[in-house]
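# Observations on chain architecture
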Amino acid sequence: MIKRFETKLLEEAFEFVEKQNLKARKKIFQNIRRAEQQSDPKFFKKLTDDIWEFRTLYSGIQYRLLAFWDKDDKTETLVFATHGIIKKTSKVDKKEIDKADKIRNIYFKNKKK
């Protein structure tokens with residue numbers, strides 16, 4: 001199958017995944033690979049105009065990695081995971097979306113330099 005995009009974990013997202021148990025980590029990475037290959041909101045869902053979430057449900061726990069797209073490079077589309085959360089309510093907390101958006105803005109500001 002063809003990859004639709006390449007996923008990069010920023011430091012905080014990587015640290016979040018590393019803190020999870022081995023089976024949960026494997027499931028998170030498996031779902032990221034699935035999201036890269038197929039358009040399915042079960043694995044990757046749009047939250048706002050700019051922020052998306054990688055979704056993993058494992059052993060009754062909802063893991064989320066918030067992310068944004070970088071389509072500036074015409075040869076490669078990148079998705080950057082900003083940070084992770086364990087979701088406890090039906091909606092992602094606005095402060096988590098704001099945090100991902102702030103990281104996105106810093107990324108693009110630094111990229112222009």
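Note that the coordinates shown come from a computational prediction; the quantities given were computed from them, not determined experimentally.

Attention now goes to the overall build of the chain. The helix and strand inventory of the chain stands at three helices and five strands. Beginning at the N terminus, the succession of helices and strands in the chain can be written as β-α-α-β-β-β-β-α. Relative to the compact-globule value of 13 Å for 113 residues, the chain shows a C-alpha radius of gyration of 14 Å, a close match. Principal-axis analysis of the C-alpha atoms gives the chain an extent of 40 × 35 × 25 Å. Taken across its 113 residues, the chain has 39% of its residues classed as buried. Considering only contacts in the chain between residues 6 or more positions apart, those separated by 24 or more positions represent 52%. For the chain, the exposed area adds up to about 7400 Å²; of that, 50% sits on carbon and sulfur atoms. In the chain, which carries 29 positive and 18 negative side-chain charges, the distance between the mean positions of the two groups comes to 4 Å.

The final tally for this structure, using the stated rule, is twelve aromatic pairs. What links up through ring pairs into an aromatic cluster is the set Phe5, Phe44, Trp52, Phe54 and Trp69. The positively charged end of Lys71 is found above the aromatic ring belonging to Trp69, 4.9 Å away from the centroid.

A word on the pairing of strand 5 (residues 78–87). Most of strand 5 is tucked away: nine of the ten residues are buried. Sheet analysis places strand 1 (residues 6–9) next to strand 5, joined by four bridges and oriented parallel. From the neighbouring strand, Glu6 faces strand 5, where its bridge partner is Leu78. Here nine bridges tie strand 4 (residues 61–70) to strand 5, and the two strands are oriented antiparallel to one another. When the bridges of strand 5 are listed, Ala67 appears paired with Ala81.

Let us look at the confidence of the model for the chain. Predicted confidence across the chain gives a mean pLDDT of 94, with 99% of residues reaching 70 or more. Least confident of the elements in the chain is helix 3 (residues 94–112), whose mean pLDDT is 95; most confident is helix 1 (residues 11–19), at 98.

Assignment of secondary structure puts Tyr63 in strand 4. Exposure remark for Tyr63: the relative accessible area of 4% places this residue in the buried category. C-alpha separation for the pair Tyr63 and Thr7, spaced 56 residues apart in sequence, amounts to 16 Å. Once residues lying within four places of it in the same chain are set aside, the contact partners of Tyr63 are Phe16, Gln20, Ala24, Ile28, Phe54, Arg55, Thr56, Tyr58, Ile85 and Ile86.

Turning next to the nonpolar core. Formed by 18 residues in total, the largest nonpolar core has its most connected members in Phe5, Phe44, Phe54, Leu65 and Val79. Among the elements of the structure, helix 1, helix 2 (22–37), strand 3 (52–58), strand 4 and strand 5 are those that each provide at least two residues to this core. Each residue touching Leu65, except ones within four places of it in the same chain, is listed here: Leu9, Ala13, Phe16, Val17, Ile28, Ile32, Trp52, Glu53, Phe54, Ala81, His83 and Gly84. Counting residues in each nonpolar core, the second largest holds eleven residues, with Phe68, Phe80, Ile97 and Phe108 among its members.

Rules used throughout
Residues numbered from 1 in each chain as written. Predicted model: local features only at pLDDT ≥ 70, side-chain atom pairs only at ≥ 80, totals over all residues. Heavy atoms only, no water. Helix = DSSP H or I, 4+ residues; strand = E, 2+ residues; numbered from the N terminus. Rg over C-alpha atoms; globule rule 2.2 N^0.38 Å. Buried < 20%, exposed > 50% of the residue type's maximum accessible area, 1.4 Å probe, protein only. Contact = heavy atoms within 4.5 Å. Areas by Shrake-Rupley, 256 points an atom, 1.4 Å probe, with all protein chains shown as cover. Lys, Arg positive; Asp, Glu negative; His and termini not counted. Charge placed at Lys NZ, Arg CZ, Asp CG, Glu CD. Phe/Tyr/Trp six-rings, centres within 6.5 Å; stacked < 30°, edge-to-face > 60°. Lys NZ or Arg CZ within 6 Å of the ring centre and 35° of its normal. Pairing = 2+ DSSP bridges. pLDDT = per-residue confidence, 0-100. Core = buried A, V, L, I, M, F, W, Y, C linked by side-chain atoms within 4.5 Å.

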